[in-house]
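Descriptive structure summary
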Amino acid sequence: MLYVDGMNGVIKHDETVQWLYTLTGSKFRLVVKTALKLLLVFVEYSESNAPLLIQAVTAVDTKRGVKPWSNIMEILEEKDGVDTELLVYAMTLVNKTLSGLPDQDTFYDVVDCLEELGIAAVSQRHLSKKGTDLDLVEQLNIYEVVLRHEDGDETVELPPSGCRDRRRASVCSGGGGGAEHRGLDCRRSRRHSVQSIRSPLSAPTSPSSQSAPGLQPSQVPDVREKYSNFSKNSYHSSRPPSGSSVPTTPTSSLSPPQEARLER
């Protein structure tokens, strides 16, 4: 793969690319690391190789009955223990693949698969953890910034090693127009869609106004009334409330037989 003829042979042979991706799920870290390095060489050789890798990933994982990029996500989730180099190589491969894609639809197809597999939570866990490798932090930030930029966030600046802006101009059906036109017609990521759905929702009601779990609304007043009566009965049986006027009758502290003896 380090020579032109060898790389051209790999490009024309889909089974080799599929085999390399399959090796990223190996139980041996050295095999996984070598496979990731070779896939990075493959993707960085030409931008046209990124779609070929996506096809290979989709073919392998579909045959296994799992979502595409499951092997990469298992590495990022540290399924087989912590290995910083594996994490950096895996995230770099994701970013290099995304940066080489010529259209935004393919970009979002890959991103949505990663989002469904939980890359947002994995990224947040690594970024919030103390002592995370700086190279890994850089690659995770690149992914987040590029995704926000593709979703139309004009306030973020693409890093020097991030993807180019050509997808933003080629995705819209009208073929032209300004940022406002692109913002209406462009496809957005799954994460952006979920956030857009959650934002208009009204704030949750206070706990005091919510019904008790597992009870129908009509049952709640009865339960409260029973509890109120129970509390009042228990309280009055022990002592009268302070400040209340309770009528009393003079009674003797002696029992009737004792009173009869005294009269005699």
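A quick note: this is a predicted structure, and the numbers were derived from the prediction, not measured.

With that settled, the discussion passes to the overall build of the protein chain. Helices and strands together make up the secondary structure of the protein chain, namely 14 helices and 0 strands. When the elements of the protein chain are put in sequence order from the N terminus, they spell out α-α-α-α-α-α-α-α-α-α-α-α-α-α. Here the protein chain, with 264 residues, has 32% of them falling under the buried criterion. The long-range fraction of contacts in the protein chain, counting pairs at least 24 apart against all pairs at least 6 apart in sequence, stands at 61%. Looking at the protein chain as shown, the accessible area adds up to about 16,700 Å², and 55% of this sits on carbon and sulfur atoms.

Here we come to the nonpolar core. Counting residues in each nonpolar core, the largest one holds 45 residues, and the members touching the most others are Leu-53, Trp-69, Ile-72, Leu-76 and Tyr-143. Here this core gets 8 residues from one element, more than from any other, and that element is helix α6 (residues 84–99). With residues near it in sequence (within four places) discarded, Trp-69 still touches Tyr-21, Leu-53, Ile-54, Val-57, Asp-61, Thr-97, Val-110, Cys-113, Leu-114 and Leu-117.

Its place among the elements puts Asn-95 in helix α6. At 2.9 Å, the side chain of Asn-95 and the side chain of Gln-139 are in polar contact. Apart from residues lying up to four places away in sequence, Asn-95 is in contact with Gln-139, Ile-142 and Tyr-143.

Left-over empty space is what a probe sized like a water molecule reveals as it rolls over the atoms. Of the pockets and cavities examined, the largest pocket occupies roughly 260 Å³. Taken together, 17 residues make up the lining of the largest pocket; nearest its centre are Ser-26, Glu-74, Ile-75, Lys-79 and Asp-80. Of all the secondary-structure elements, those providing two or more residues to the lining of the largest pocket are α3 (29–45), α5 (70–76) and α6. Among the elements that take part in the lining of the largest pocket, α5 stands out by supplying 3 residues, more than any other. Classifying every residue of the lining of the largest pocket gives 5 nonpolar, 5 polar and 7 charged.

Aromatic rings in a pair are described by how distant their centres are and how their planes are angled relative to each other. In the structure shown here, the tally under the stated rule is 2 aromatic pairs. Between Tyr-21 and Trp-69 the ring centres are 6.5 Å apart and the planes differ by 75°, which places this aromatic pair in the edge-to-face class. Taken together, the residues span a long stretch of sequence, with Tyr-21 in helix α2 (residues 14–23) and Trp-69 in the loop between α4 (49–64) and α5 at a distance of 48 residues. The pair formed by Tyr-21 and Trp-69 is uniform in burial state, with each residue classed as buried.

This part takes up the pattern of salt bridges. Per the stated rule, a full pass over the model turns up 7 salt bridges. Between Lys-67 and Glu-116 there is a salt bridge, with the nearest N and O atoms lying 3.0 Å from each other. Linking Lys-67 in the loop between α4 and α5 with Glu-116 in helix α7 (residues 104–116), this pair joins segments that are 49 residues apart in sequence. Bridged by salt links that share partners, the residues Glu-78, Arg-125 and Lys-129 form one connected network.

Next up on the list: the confidence of the model for the protein chain. Counting all residues, the mean pLDDT for the protein chain is 75, and 60% of those residues have values of 70 or more. Across residues 171–184 the pLDDT falls below 50, and counting only partners more than four positions away or on other chains, this stretch makes 16 contacts in the model.

Let us now look at helix α8 (residues 119–128). Of all the residues in α8, the buried ones are Ile-119, Val-122, Ser-123 and His-126. Along the axis of α8, the buried residues cluster in a sector spanning 100°; they form a single face. Turned more than 90 degrees off the buried face of α8, the exposed positions are Ala-121, Gln-124 and Ser-128. Summarising the contacts, the buried residues of α8 are in contact with α5, α6, α7 and α9 (134–150).

Tracing the sequence through the fold places Asp-61 in helix α4. In this structure the side chain of Asp-61 is engaged in a polar contact, spanning 2.7 Å, whose partner is the side chain of Tyr-21. Apart from residues lying up to four places away in sequence, Asp-61 is in contact with Tyr-21, Val-66, Lys-67, Pro-68, Trp-69 and Ser-70.

Procedures and definitions
- Residues numbered from 1 in each chain as written.
- Predicted model: local features only at pLDDT ≥ 70, side-chain atom pairs only at ≥ 80, totals over all residues.
- Heavy atoms only, no water.
- Helix = DSSP H or I, 4+ residues; strand = E, 2+ residues; numbered from the N terminus.
- Buried < 20%, exposed > 50% of the residue type's maximum accessible area, 1.4 Å probe, protein only.
- Contact = heavy atoms within 4.5 Å.
- Areas by Shrake-Rupley, 256 points an atom, 1.4 Å probe, with all protein chains shown as cover.
- Core = buried A, V, L, I, M, F, W, Y, C linked by side-chain atoms within 4.5 Å.
- Polar contact = N/O pair within 3.5 Å; in protein donor to acceptor, adjacent residues only side chain to side chain.
- 1 Å grid on protein atoms, 1.4 Å probe; cavity = no way out; pocket = protein on both sides within 12 Å on 5 of 7 lines; lining within 4 Å.
- Points joined across faces, edges and corners; volume = space filled by probe spheres on them.
- Nonpolar A, V, L, I, M, F, W, Y, C, P; charged D, E, K, R; others polar.
- Phe/Tyr/Trp six-rings, centres within 6.5 Å; stacked < 30°, edge-to-face > 60°.
- Salt bridge = Lys/Arg side-chain N within 4 Å of Asp/Glu carboxyl O.
- pLDDT = per-residue confidence, 0-100.
- Arc of directions from axis to C-beta.

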